[in-house]
Every structure is written in structure tokens, then in C-alpha cells.
Amino acid sequence: MSELASYESFNVEVKDYIAHVQFSRPEKLNTMNKAFWNELPRCMRDIEVNTNARVIVISSTGKHFSAGMDLGVFSDTKSIPMTGDPGRMAENLRRVVLQIQDTVTSLEKVRLPVLAAIHGGCIGGALDLVCAADSRYCTEDAFFTIKETELGMTADVGTLQRLPKLMPEGVVRELAYTGRKFSAQEARNLGFVNAVYPSPEALLDAVMGIASQIAANSPLAVTGCKDMINFTRDHSVEDSLRYMATWQAGMFRPGDMMKTFQAKAQKQQAEYEDLFPVKGLFES
């Protein structure tokens, strides 16, 4: 296992097949600055390439999970010029938005399950981020808001595309149109979060326990589950069943099942081989 890179926006630790990514700018309410948007996709790739992690947990520090987009991102006139030909400015802004969207989508594209442990405020861009996680858990004091509406813009990084897949559309429309906060209990009742815990410590303990259960399973089976669920969300049942059959024809091998049966017979935990690390084309 290679040494992980260091990051300005978060700390990363890998232990017992769990990669823990923890936002590390509490004094700035863990706002998503320019470094964050560049670092997160690199971090996801770094975990896949250089670690034996089988699941990723994202948590935070300080008072809030994240106050969302750092408005300083939009003050960079080199990246987002505000003068010049309108068509060229629009083409550039579209490209920037697509790049920012790709940062959030990296949580979906990584082949490992991503669990979000949320405390305090999860605001604006942070809500975009956790919508892309596989599962969400939060503290009793957590709250969520599509803040962009109150700021005079339409949320553009994924909330409006993913949230209607996670809770009733009528509720999502209300939350988007009003920009109001919704609480941990409301989020739990709507199925947006899996569970609510009394404190950040209890939250992280519980989520790490769930991550341990995931890590104990065959990593090939788990990544297959993620791939299938993501595909099914965006395709018909018939197309998804056909894709499942093709996946199974190519990926299913009895080795992991035999290890499972043997371990159960011996009342032990099965030990599975890691997946091959993800590499760029022709990288050694």
C-alpha cells in the first residue's frame, strides 16, 4: 500500500479496509474552496490506486459538516471571466460548472461505497455532495438546505438531479423553491438519511461500524452492488436486468462463495482478495 497524498481541505486515514476522509477546515465552516474542488476527485482516485480500502467514510470537524461553496470560488476572474464576448463567457462558465459537477460525481464513480456522516449544517454545495454518496447518516442537530435559491441562483451541482431519486419529488420541489431548512428528523422520515444519532461521536462510531460490515464482505460483490444500483437508477428495469446478466456472466466466480461457505462452517470471518488497484492507461 503506497503512501497517500496530503490535502489542504481534508485528512485521510486508511485502517482496516476503511478510508476515512475528514474535512479539516472547521474555522472556515469547511466551506468548499478552490482547493476542495480540485482535491476531492484526486483523493477518490488516490484511495482506489494506492490503498486496500473497501469502503469510504466522509465526515467533518467543527460546528458544521460544511457551509457549502466558498464564494471566493466565483471571484476568480481568471477561471470565470466576467467581461468579454457573452457567448465565450457562457461557454467558459458551462465548462467550469461541468468540472465542478465532476468533483461531486467522483463519489459515484469511485467503485467503493461512500458513507456520509453529517453533523450540524449541510448547506448548499455540501448537500450536492452528500446526495452523491451511497448512504447518509446524521446527528440530531443536523440540518440541510438548498441554499442556492435564497442566494438568487439555481442549484447546479447535482442536488436537483439526485435528490428527487432519494425522496418524494413534491417535497424536493418545495425545498428547492423555498430554500428552507429541513431537519434531521424530517430527513429521516423522508428516507434521505438512514439513521439519526445523538452526537457526532455516536454518529461516527455507528458509521464506522457499518463500514466495517461492508469491508468484511467480498469487495467484488460489493462493487457489483454499487454498479448495479447506480445503473438501475438511470435505466429501465428491463435494461438493468440485461446489464445484470452480462455482469454476472463476466464477473461471477465461485471462489468468494466457497470462501464464505468454508468460513461459516468454521465460524470464522472469510478473508477475501482485494480488487486490483485502479490505474490509468498503461500505468504500472
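About the criteria used
- Residues numbered from 1 in each chain as written.
- Predicted model: local features only at pLDDT ≥ 70, side-chain atom pairs only at ≥ 80, totals over all residues.
- Heavy atoms only, no water.
- UniProt positions renumbered as here; feature names shortened; annotations may be inferred.
- Helix = DSSP H or I, 4+ residues; strand = E, 2+ residues; numbered from the N terminus.
- Buried < 20%, exposed > 50% of the residue type's maximum accessible area, 1.4 Å probe, protein only.
- Salt bridge = Lys/Arg side-chain N within 4 Å of Asp/Glu carboxyl O.
- Pairing = 2+ DSSP bridges.
- Axes fitted to C-alpha atoms, helices over the stretch in contact; angles between N-to-C directions.
- Contact = heavy atoms within 4.5 Å.
- 1 Å grid on protein atoms, 1.4 Å probe; cavity = no way out; pocket = protein on both sides within 12 Å on 5 of 7 lines; lining within 4 Å.
- Points joined across faces, edges and corners; volume = space filled by probe spheres on them.
- Nonpolar A, V, L, I, M, F, W, Y, C, P; charged D, E, K, R; others polar.
- Right-handed = clockwise from strand over helix to strand, strands pointing away.

In the nomenclature of an unreviewed UniProt entry, the protein chain is known as Crotonase/enoyl-CoA hydratase family protein of Marinobacter suaedae. Taken verbatim from the UniProt record of the protein chain, the Sequence similarities (unreviewed entry) comment is "Belongs to the enoyl-CoA hydratase/isomerase family."

### Thoughts on unusual backbone geometry
Positioned with a positive phi, Leu-29 is a non-glycine residue whose angle comes to about 55 degrees. Within the secondary structure, Leu-29 is located in the loop between strand S2 (18-23) and helix H1 (34-50). Given the relative accessible area of 34%, Leu-29 is considered partly exposed. Unlike most non-glycine residues, Lys-267 shows phi in positive territory, near 55 degrees.

### A short note on the pattern of salt bridges
Scanning the entire structure with this criterion turns up 13 salt bridges. When the shortest N-O distance is used, the salt bridge between Glu-169 and Arg-173 registers 2.8 Å. Taken as a pair, Glu-169 and Arg-173 lie in helix H5 (residues 169-178) at a separation of four residues, close to a single helical turn. Here Lys-259 and Glu-273 are joined by a salt bridge, their closest N and O atoms 4.0 Å apart. Note that Lys-259 is positioned in helix H10 (residues 255-265) and Glu-273 in the segment after H10, a separation of 14 residues in sequence. Residues joined by salt bridges that share partners form a network here, namely Glu-108, Arg-162, Arg-233 and Asp-234.

### Let's talk about the sheet that holds S2
Strands sit in the order S1-S2-S3-S4-S6-S9 across an open sheet of six strands; the sheet is mixed. The sheet terminates laterally at strand S1 (10-15) and strand S9 (195-197), the two strands that pair on one side only. Strand-to-strand twist of the sheet, defined as the mean angle between neighbouring strand axes without regard to direction, takes the value 20 degrees. Judged from the four bridges that link them, strand S4 (residues 114-118) and strand S6 (residues 135-139) form a sheet pairing that is parallel. What sits directly across from Ala-116, in S6, is Arg-136. Helix-sheet contacts for H1 involve S1, S2 and strand S3 (55-59), and the interaxial angle to S1 is about 10 degrees.

### Regarding the layout of surface pockets
Here the largest pocket defines a volume of roughly 640 Å³. For the lining of the largest pocket, the secondary structure elements donating two or more residues are helix H8 (219-233), helix H9 (237-251) and H10. Here the lining of the largest pocket is composed, by residue class, of 16 nonpolar, eight polar and five charged. When its volume is computed, the second largest pocket comes out at roughly 450 Å³. If you tally residues by element for the lining of the second largest pocket, the top one is H8, at six residues.

### A word on empty space enclosed by the protein
Inspection of the entire model under this criterion finds one cavity of 30 Å³ or more. Computed from the structure, the largest cavity encloses a volume of approximately 50 Å³. In terms of lining residues, the largest cavity is bounded by Met-69, Phe-74, Ile-80, Leu-93, Val-96, Val-97, Ile-100, Asp-156 and Val-157. Of the residues that constitute the lining of the largest cavity, the class distribution is eight nonpolar, no polar and one charged.

### Considerations on the pairing of S2
Where burial is concerned, most of S2 is hidden: five out of the six residues are buried. For S1 and S2, the ladder comprises six bridges, and the chain directions are antiparallel. Looking at S2, one finds that Glu-13 is bridged to His-20. In this antiparallel pair of consecutive strands, S1 and S2, the connection spans two residues, and Asp-16 shows a positive phi of 55 degrees. Following the backbone out of S2, through H1 and into the adjacent parallel S3, one traces a crossover that is right-handed.

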